[in-house]
Amino acid sequence: MASSFNNAHNFRIDNLNNVVTMNPSADPLSKLEARVAAGAIHDSAERCDAPKCYPETRVAVQASLYHWIVDGDGEVEQPKKIKWIAVQRMIFCARRSSLHPGQLSIGRRRKTAFVTTIAHQLAQHREDLKNAISAAMEKNPGVLEKKLHIQMETLVLVPLREVVRQSEGPELRGAIIVDGLDECEAEQYHDTKITGPQAMPTRTNAQDQLEILQVLRAASLDPDFPFRILIASRPEPVFREFFDPEINPTFAQKLDLNVEHNADADITLFLEAKFDLIRRRYNFPLSWPPPGTIRTLAENASGQFIYAATVIRLLDTRQREPPKALLDAILKVEATRKTSSNPLEQLDALYMRILGSSPDPPLSVRWIHTIRMITSYMDAYAFDINMLLQTDPESNEAEHLLGTLHSLIRIPPHSNQTTTEYGFYHKSLLDFLEDPGRCRKLYVEESERYVFIWDGFVRVRAIAGIAHSKVLHTPPSADWWVSLAVVHKQIDSLWNVFLEFHLSSSFIVHL
């Protein structure tokens, strides 16, 4: 900005009165936006590769849910505004704004941004709601540090009451869809490493999930709350107990996709379309796949879309084996397994078969556990994981170990590994590896996982010629570990990051 005193000289100022103009306070909605989990919104860029319903599948399910959103169950006096969808895999194709706690970004896995994200979405919906929520933020500047039920009351319910009772505009209608709530992870408010009498109890994932459920139920019981709420999750104990009609009769009848909707027809349709694409891509004859193959695979899926999707990814990711040989191997594995009432048995066999294709299956599983553990704390790019775990920094060990696992793991191309993360197509793989009864010889004890990470750190330090010092200058490629330290204790050195790992696991690994 130009000044009146540019190039001025030989002057004196007497009786100067300083006038300081302060910047106006930040827009209240900007403060709200800073606490939003943007990746949880159904149309966010982060969800560009999220699983989607295959065309023409789950038609009856979607129609039933859409009818409930629009018309409810015909209640007049006390409408039941919450419905639980019990699923093994999230399949609902949202037609309204949705929240996906899910995996990936940290904000999506924590309850902290849950209510603020709902409030921010509502503020984008209508101008009168935007003004009411903005006023609520301005009147209650400390609300973002309050408990969830206070945030819900202040940022959602109070503005909704004001708009519903005073607005002459169109009626508020719609649905809030919460997908993958069972993957929400607990916030810890105390140091979980302290032991003995001073130790505070560790908060569990189920406790935070229950808190969210209770907040949503309280909102749904408010007579001015105009929305339906759909909650999709796996049937974990906390959800089964919360939605038990004998305990809480205020909910709409649950929809159990594992029982009430036979997915075999949808899975068959999906397999037929995908096999047709593979056949044309490889110029296979019309007789491929052999008769009965699709029916066998649909039966083996036991209603689990993830089984069918994994088979197709395995055949379509240009593995070292051609698709015909891979399909024959899958069918041979399935034929040798005993029949069982366990719907996951065939999926487990498929996972064992794919993991067994790695040159070193036990080592590849350790890599998988490390990727999960590291990314549960922060966003870490594939290059950073490779830097930590490869025994030779100049080798291509990651591709050697994981190259046949592209049907299970999203592995970025080499040119993008400095800016792209590893990812998992489905949480069921991690569930499989956490259960020794399912993954058997591939199971890795938690203590061994910590030792594996620690060994990687020691190796990185040795390669970099770094001594045991309290101040460690990290190479640029290790800057992400510094960020991890900030997340934990505001520590700014690579050495202390791993010191934190060491303290948290030393009682197990005796280092």
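Our subject is the structure that appears above.
Remember, predicted model here, so these are calculated numbers, not experimental data. (Residues numbered from 1 in each chain as written. Predicted model: local features only at pLDDT ≥ 70, side-chain atom pairs only at ≥ 80, totals over all residues. Heavy atoms only, no water.)

(A) Looking closely at helix α6 (residues 205–221). For α6, spanning 17 residues, the distance from its first C-alpha to its last is 25 Å, which sits close to the expected 24 Å at 1.5 Å a residue. Inspection of α6 places Asp208, Gln209, Glu211, Ile212, Leu213, Val215, Leu216, Ala219 and Ser220 among the buried residues, and these make up the whole buried set. Check the buried side of α6 and you find it contacts β1 (82–86), α3 (114–125), α5 (148–166), β3 (175–179), β4 (228–233) and α7 (237–242). (Helix = DSSP H or I, 4+ residues; strand = E, 2+ residues; numbered from the N terminus. Expected span 1.5 Å × (residues − 1). Buried < 20%, exposed > 50% of the residue type's maximum accessible area, 1.4 Å probe, protein only. Contact = heavy atoms within 4.5 Å.)

(B) Representation of the packing of helix α13 (residues 361–375) against helix α14 (residues 382–389) in the model. Relative to each other, α13 and α14 sit at 125°, their axes nearing to 11 Å. By the angle between their directions, the pair α13 and α14 is classed as oblique. At the point where α13 passes α14, the crossing takes the right-handed sense. Judged by residue contacts, Trp367, Thr370, Ile371 and Ile374 of α13 engage Ile385, Asn386, Leu388 and Leu389 from α14. Looking at the contact of α13 with α14 residue by residue, the class counts come to six nonpolar, two polar and no charged. (Axes fitted to C-alpha atoms, helices over the stretch in contact; angles between N-to-C directions. Parallel < 35°, antiparallel > 145°, perpendicular 65-115°, else oblique. Left-handed = near helix turned anticlockwise from the far one by under 90°. Nonpolar A, V, L, I, M, F, W, Y, C, P; charged D, E, K, R; others polar.)

(C) The pairing of β3, seen in detail. With five of its five residues buried, β3 lies for the most part within the structure. Of the two faces of β3, the one carrying Ala175, Ile177 and Asp179 and the one carrying Ile176 and Val178 are both buried. Note: β3 against β4, five bridges, orientation parallel. Residue Ile177 lies in a different strand from β4, and its bridge partner there is Leu230. (Pairing = 2+ DSSP bridges.)

(D) Up close: α3. An ideal rise of 1.5 Å per residue puts 16 Å on twelve residues; α3 measures up with 17 Å between its terminal C-alpha atoms. Those residues of α3 lying buried are Phe114, Val115, Thr116, Thr117, Ile118, Ala119, His120, Gln121, Leu122 and Ala123.

(E) Molecular detail of the pairing of β4. For β4, the tally of buried residues reaches six of six residues, placing the bulk of the element in the interior. Residues of β4 alternate between two faces, with Arg228, Leu230 and Ala232 on one and Ile229, Ile231 and Ser233 on the opposite face, all of them buried. Of the strand pairs in this sheet, β1 and β4 are connected by five bridges, and their pairing is parallel. Within β4, the position partnered with Ile82 by the bridge is Ile229.

(F) Just the packing of helix α8 (residues 264–281) against helix α9 (residues 293–301), in detail. Remark: α8 packs on α9, axes separated minimally by 9 Å, with the N-to-C direction vectors making an angle of 135°. In terms of axis orientation, α8 runs oblique to α9. α8 and α9 meet at a crossing whose hand is right-handed. Two secondary-structure elements touch here, α8 through Asp264, Ile267, Thr268, Leu271, Glu272 and Phe275 and α9 through Ile294, Leu297, Ala298 and Ala301. Taken together, the residues of the contact of α8 with α9 sort by class into seven nonpolar, one polar and two charged.

(G) Structural context of the environment of Ala398. On the secondary structure map, Ala398 appears in helix α15 (residues 397–402). For the pair Ala398 and Phe383, spaced 15 residues apart in sequence, the C-alpha to C-alpha distance is 9.6 Å. Apart from the residues lying within four places of it in its own chain, the contact partners of Ala398 are Trp367, Asn386, Gln390, Gly403 and Tyr422.

(H) Geometry of the pattern of salt bridges. Summed over all chains, the structure comprises 18 salt bridges. Residues Glu211 and Lys111 are paired through a salt bridge, measuring 2.5 Å at the closest nitrogen-oxygen approach. Within this pair, whereas Glu211 is found in helix α6, its partner Lys111 is found in the loop between β2 (98–99) and α3, the two being separated by 100 residues in sequence. Accessibility classification places Glu211 together with Lys111 in one group, the buried group. Arg438 serves as the salt-bridge partner of Asp348, at 2.6 Å between the closest nitrogen and oxygen. With Asp348 in helix α12 (residues 345–355) and Arg438 in helix α17 (residues 436–439), the pair connects residues that are 90 residues apart, well separated along the chain. Across the pair, exposure class does not vary: Asp348 and Arg438 are buried alike. Three or more residues joined by partner-sharing salt bridges are found here, namely Lys111, Arg203, Asp208 and Glu211. (Salt bridge = Lys/Arg side-chain N within 4 Å of Asp/Glu carboxyl O.)

(I) Representation of the environment of Ala186 within the structure. Examined against the element boundaries, Ala186 turns out to sit in the loop between β3 and α6. Note on Ala186: relative accessible area 11%, which makes it buried. With residues near it in sequence (within four places) discarded, Ala186 still touches Arg110, Arg203, Thr204, Asn205 and Asp208.

(J) Examining the nonpolar core more closely. Membership of the largest hydrophobic core comes to 57 residues, with the highest contact counts inside it found for Leu271, Phe275, Leu355, Ile409 and Tyr422. With nine residues, helix α10 (residues 305–316) is the largest single contributor of residues to this core. For Ile409, the residues in contact, after removing those within four places along its chain, are Ile368, Leu402, Tyr422, Gly423, Phe424 and Tyr425. Counting 43 residues, the second-largest nonpolar core is a separate cluster that includes Leu32, Ile118, Ile133 and Val238. (Core = buried A, V, L, I, M, F, W, Y, C linked by side-chain atoms within 4.5 Å.)

(K) Spatial organisation of the packing of aromatic side chains. Considering all chains together, one arrives at eleven aromatic pairs under this definition. An angle of 20° between the planes, with centres 6.4 Å apart, marks the rings of Trp84 and Phe239 as stacked. Remark: Phe239 occurs in helix α7 and Trp84 occurs in strand β1; sequence separation between them is 155 residues. Take Trp84 and Phe239: they sit in the same class, and that class is buried. Judged by centre distance (5.6 Å) and plane angle (85°), the ring pair of Phe225 and Phe227 falls under edge-to-face. Overall, Phe225 belongs to the buried group, its relative accessible area being 3%. An aromatic cluster of three or more residues is present, and its members are Trp84, Phe239, Phe242, Phe243 and Phe251. (Phe/Tyr/Trp six-rings, centres within 6.5 Å; stacked < 30°, edge-to-face > 60°.)

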